[in-house]
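# Structure at a glance
One letter stands for each residue in the lines below.
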Amino acid sequence: MKKLPLIALLALAALGSGCSWFHSNTRDQQWHAAVQERPLEVPPDLEKPANAAALSIPALPGVPAASGAPEAAPPGTLAAVGAVQGSASLLLNDTVDSVYNRVGVALKKGDIGNVQNADAATHAYRVEVNTTVTEKPKGFFSRIFSSAKTHVVRSLVEVSVVADGDKARVELQGPEAAVKQLQAALLQRLG
């Protein structure tokens, strides 16, 4: 009976030392015998080409070379954007009449909103904008057992074009979600 614990102990020791009995130390020998190779060299004809001249802008004949001062933006380009809660504005490098006409064309294309009123004398539009509103349920159990509801809200946004120095400013006023949606659409169309 005393031999059984001794045999079990020897079997456990054999299992513990395990795999080192079945493989040789060739991996360790290969590791220590390894020699570091030379780094790769790039052939001289494959070096990075000089491209400094590719980035220079050639001068046009008959046009004076540019000075250090920045040029004014060409007419009709979007120069700045401002936004405050419930209102937003776009500043364009163009005349008030031209910007009023451009805004009118952008609004009449359709998917932005419906023009309810246009006043050429005051350079103003009243636009009905449909916004999608998602309402989350209130209360702990309502949030667990019901889902958020979405519905479309119709809002009126006042759009006016006013002079701002030698530029024109498009001002938007109305509910915040509708103003943001109309501002994004006008930025895309006018910018």
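Note that the structure is a prediction, hence the values are computed from the model and not measured.

Here we come to the confidence of the model for the chain. For the chain, the mean per-residue pLDDT works out to 75, and 71% of the residues sit at or above 70. The least confident element of the chain is strand β1 (residues 77–84), whose mean pLDDT is 50; the most confident is strand β6 (residues 167–173), at 88. Scored below 50 in pLDDT, residues 67–74 shows 2 contacts in the model against residues more than four places distant or in partner chains.

Our next topic: the nonpolar core. In terms of nonpolar packing, the biggest core is built from 25 residues, with V103, V159, V170, L172, L182 and L186 touching the most fellow members. When sequence neighbours within four positions are dropped, the list of residues in contact with V103 reads Y125, V159, V170, L186 and L190.

Across its 13 residues, helix α3 (residues 96–108) extends 18 Å between first and last C-alpha, which sits within 8% of the 18 Å expected from 1.5 Å per residue. The inward-facing, buried residues of α3 contact β2 (87–93), β3 (114–119), β4 (124–135), β5 (149–164), β6 and α5 (176–190).

This part is about the environment of H123. Structurally, H123 can be placed in the loop between β3 and β4. By relative accessible area, which is 17% here, H123 ends up buried. Sequence separation between H123 and V161 is 38 residues; the distance between their C-alpha atoms is 5.5 Å. If we skip the residues at most four places from it in the chain, H123 touches V96, D97, Y100, V159, S160 and V161. In this structure the side chain of H123 is engaged in a polar contact, spanning 2.7 Å, whose partner is the side chain of D97.

Moving on, we get to the pattern of salt bridges. Following the criterion strictly, the structure yields 5 salt bridges and no others. One salt bridge in this structure joins D164 and R169, with 2.4 Å as the shortest N-O distance. D164 gets classed as partly exposed once you look at its relative accessible area, which sits at 30%. Residue classification places R169 among the partly exposed residues on the basis of a relative accessible area of 23%. Across the pair E176 and K180 runs a salt bridge whose closest N-O atoms are separated by 3.4 Å. Separated by 4 residues within a single helix, E176 and K180 lie in helix α5, roughly one turn from each other. Taking relative accessible area as the criterion, K180 reaches 51% and is therefore assigned exposed.

Rules and cut-offs
- Residues numbered from 1 in each chain as written.
- Predicted model: local features only at pLDDT ≥ 70, side-chain atom pairs only at ≥ 80, totals over all residues.
- Heavy atoms only, no water.
- pLDDT = per-residue confidence, 0-100.
- Helix = DSSP H or I, 4+ residues; strand = E, 2+ residues; numbered from the N terminus.
- Contact = heavy atoms within 4.5 Å.
- Core = buried A, V, L, I, M, F, W, Y, C linked by side-chain atoms within 4.5 Å.
- Buried < 20%, exposed > 50% of the residue type's maximum accessible area, 1.4 Å probe, protein only.
- Expected span 1.5 Å × (residues − 1).
- Polar contact = N/O pair within 3.5 Å; in protein donor to acceptor, adjacent residues only side chain to side chain.
- Salt bridge = Lys/Arg side-chain N within 4 Å of Asp/Glu carboxyl O.

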